[in-house]
Amino acid sequence: FRDPEGHPLELIAFPAGAVPPQWQTQSRNLCLGIDHSAVSVSRTATSIAFYESLGLNRSAHSLNVGPEQARLDDLPGAVVQVTALAPFQTSPHGELGCYQGDFDRRIPAHGSKDITYTRLVLTIQNQVALEAICARMSDALLSGPELREDNSCRALLRDPDGHLIWLETAT
């Protein structure tokens, strides 16, 4: 299904005996957490290199095809190469979706209240690590690093496909 801004969301229910360890918890909450966030990319290898330079590692890879993928993406005949990236755990993680085919890949304009378009937020270990990332990736740097009053540090980058990446240190 889609949220009010049109972003696709999927709910996952695992069969008995096949629940991954990170989701084996007892809770009265309907939602146990967020498994992943995904972005569409034009070149998998380029995007993997970019996100690995931020400290994420390739943790899984698949080729998704079929009616379920077509319905999820609202794209008939969808064929998507999916690469999962995570720092050290399997959830939550990021996914890169590289769609095969000839279609307009430009990032559409979104409303000012569409916070999922605004940025993907990654927490970096400390200020020294964040500054090192910014120095290595100066061509992608839009602003920062900026030291804040609460002693946190932040910076804004743009990935190879134009997605905004907000780096911040824990406070």
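Keep in mind that what you see is a predicted model, and the values were worked out from it rather than measured.

With respect to the overall build of the chain
- Along the backbone of the chain there are 4 helices and 8 strands.
- Taken from the N to the C terminus, the helices and strands of the chain come in the order β-α-β-α-β-β-α-β-α-β-β-β.
- Across the chain, contacts joining residues at least 24 apart in sequence account for 51% of those joining residues at least 6 apart.
- Summed over all atoms, the accessible surface of the chain reaches about 11300 Å², with 54% contributed by carbon and sulfur.

Considering the side chain of Thr44
- As for its placement among the helices and strands, Thr44 is situated in helix α1 (residues 44-52).
- Thr44 has contacts with Gln81, Thr83 and Cys98, leaving out every residue within four places of it along the chain.

Section: the pairing of strand β8 (residues 164-169)
- Within β8, 5 of the 6 residues are buried, leaving the element largely enclosed by the surrounding structure.
- Two strands pair when backbone bridges link them, and strand β5 (residues 120-124) and β8 are joined in this way by 5 bridges, in the parallel orientation. Note that in β8 the partner of Thr123 across the bridge is Glu168.
- The hairpin formed by strand β7 (residues 153-158) and β8 contains 5 residues between the paired strands, and Gly162 there has a positive phi angle of roughly 95°.

A few points about the sheet that holds strand β2 (residues 57-65)
- In spatial order, the strands read β1-β4-β3-β2; together these 4 strands make up an open sheet with mixed pairing. In this open sheet, the two strands that pair with only one neighbour each are β1 (36-41) and β2. Taken over all neighbouring pairs, the strand axes of this sheet differ in orientation by 25° on average, direction set aside.
- Bridge count between β2 and strand β3 (residues 79-86): 8 bridges; the pairing is antiparallel. Within the sheet, the bridge partner assigned to Leu63 lies in β3 and is Gln81.

Re the environment of Arg136
- Examined against the element boundaries, Arg136 turns out to sit in helix α4 (residues 127-136).
- A C-alpha to C-alpha distance of 8.4 Å links Arg136 and Ser53, two positions 83 residues apart in sequence.

Overview of the sheet that holds β5
- Spatial strand order, β5-β8-β7-β6: 4 strands in an open sheet with mixed pairing. With partners counted over all chains shown, the strands left at the sheet margins are β5 and β6 (141-147), one partner each. Neighbour-to-neighbour, the strand axes of this sheet turn through a mean angle of 15°, independent of strand direction.
- Those strands touched by α4 are β5, β6, β7 and β8, and its axis lies near 25° from that of β7.

Some remarks on a nonpolar patch on the surface
- The grouping of Phe1, Leu9 and Leu11 at the surface amounts to a nonpolar patch, some 360 Å² of accessible area in total.
- The residue Phe1 is located in the segment before β1 in this model.
- Classification of Phe1 by relative accessible area gives exposed; the value is 59%.

Observations concerning the nonpolar core
- Counting 22 residues, the largest nonpolar core has Phe50, Tyr51, Leu54, Leu157, Ile165 and Leu167 as its most contacted members.
- Looking at this core, the elements that each hand over two or more residues are β1, α1, β4 (93-99), β5, α4, β7 and β8.
- Those residues in contact with Leu157 that lie beyond four places of it in its chain are Phe50, Leu54, Ile133, Met137, Ala140, Leu141, Leu142, His163, Leu164, Ile165 and Leu167.

Re the pattern of salt bridges
- Counting across every chain of the model gives 1 salt bridge.
- Glu146 is the salt-bridge partner of Arg154, the closest N and O atoms lying 3.4 Å from each other.
- Using a relative accessible area of 37% as the deciding quantity, one classes Glu146 as partly exposed.

Criteria and cut-off values
- Residues numbered from 1 in each chain as written.
- Predicted model: local features only at pLDDT ≥ 70, side-chain atom pairs only at ≥ 80, totals over all residues.
- Heavy atoms only, no water.
- Helix = DSSP H or I, 4+ residues; strand = E, 2+ residues; numbered from the N terminus.
- Contact = heavy atoms within 4.5 Å.
- Areas by Shrake-Rupley, 256 points an atom, 1.4 Å probe, with all protein chains shown as cover.
- Buried < 20%, exposed > 50% of the residue type's maximum accessible area, 1.4 Å probe, protein only.
- Pairing = 2+ DSSP bridges.
- Axes fitted to C-alpha atoms, helices over the stretch in contact; angles between N-to-C directions.
- Patch = residues over 30% accessible without salt bridge, like charges linked within 9 Å, V, L, I, M, F, W, Y side chains within 5 Å.
- Salt bridge = Lys/Arg side-chain N within 4 Å of Asp/Glu carboxyl O.
- Core = buried A, V, L, I, M, F, W, Y, C linked by side-chain atoms within 4.5 Å.

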